[in-house]
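# Geometric and topological summary
Okay, here's what each chain looks like letter by letter:
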Amino acid sequence: MTNNSTPLAVFDLDGTLADTAHRQRFLEQKPRNWDAFFAAAPHDPPLAEGVALALAHAEECEVLYLTGRPERCRKETVAWIAAQGLPEGRVRMRRDDDRRPARRTKLQILRELARNREIRVLVDDDELVCADAERAGFTVVRARWAAASAALKEAQEREGRT
């Protein structure tokens, strides 16, 4: 049931709910192989800690997935979410041509959502996204349960790709 009085729990995907370790190699090569990186996403194993947190928040909140993945990955992303037994929820994705840093795109969307809804929590693994969201007054849970990837962090901040 969705209505404006139900708070939102906003979850990132990559590194929060989805273990991207098996596809990091595509970002470590020069030039980065973005097509292969995103094509491998349907094979991501779930991150148990993130999944458990999403299920727990779904008891009181509407879950919304906020990802830096490009819109062209929507069909596979929605199928992956359902296959993991994650709560149903809207998926907000990056426009295919949007190369702004994740912290800018995600904060803009959070502010838009917060105009009409209480955002109970943002769960994300990107330290820059988390820091900016906290400065803006949002409650944040830092997803530190996946292995950090320097290549992914650089891609999120400098290349606006995920």
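Remember, it's a predicted structure, so these values are computed and weren't measured experimentally.

This part covers the sheet that holds strand β5 (residues 140-142). Strand order in the open sheet formed by 5 strands is β3-β2-β1-β4-β5, with parallel pairing between adjacent strands. At either margin of the open sheet sits one strand with a lone partner, and together these are β3 (89-94) and β5. Taking the axes of each pair of neighbouring strands and ignoring which way they run, one obtains an average angle of 20° across the sheet. Each of β2 (62-70) and β3 is contacted by helix α4 (residues 74-83), which is oriented at about 145° to β3, the strand it contacts most.

Looking now at the environment of Trp145. By secondary structure assignment, the location of Trp145 is in the loop between β5 and α7 (150-159). The sequence separation of Trp145 and Ala48 amounts to 97 residues, and the corresponding C-alpha distance is 8.9 Å. If sequence neighbours within four positions are ignored, Trp145 has contacts with Gly15, Thr16, Leu47, Glu49, Gly50, Leu53 and Val123.

With that settled, consider the environment of Asp14. Structurally, Asp14 is set in the loop between β1 (8-11) and α1 (25-28). On the accessibility criterion, Asp14 (2% relative accessible area) is buried. Sequence separation between Asp14 and Thr67 is 53 residues, and the spatial gap between their C-alpha atoms is 7.4 Å. Separated by 2.6 Å, the side chains of Asp14 and Arg69 make a polar contact.

Time to look at the pairing of strand β4 (residues 119-124). Burial within β4 is extensive, with 5 of its 6 residues counted as buried. For β4 and β5, the ladder comprises 3 bridges, and the chain directions are parallel. Looking across to β5, one finds that Val123 is bridged to Val141. This β-α-β element, β4 to helix α6 (residues 127-135) to β5, shows right-handed connectivity.

Criteria and thresholds
- Residues numbered from 1 in each chain as written.
- Predicted model: local features only at pLDDT ≥ 70, side-chain atom pairs only at ≥ 80, totals over all residues.
- Heavy atoms only, no water.
- Pairing = 2+ DSSP bridges.
- Helix = DSSP H or I, 4+ residues; strand = E, 2+ residues; numbered from the N terminus.
- Axes fitted to C-alpha atoms, helices over the stretch in contact; angles between N-to-C directions.
- Contact = heavy atoms within 4.5 Å.
- Buried < 20%, exposed > 50% of the residue type's maximum accessible area, 1.4 Å probe, protein only.
- Polar contact = N/O pair within 3.5 Å; in protein donor to acceptor, adjacent residues only side chain to side chain.
- Right-handed = clockwise from strand over helix to strand, strands pointing away.

Nothing here speaks to function; it is geometry throughout.
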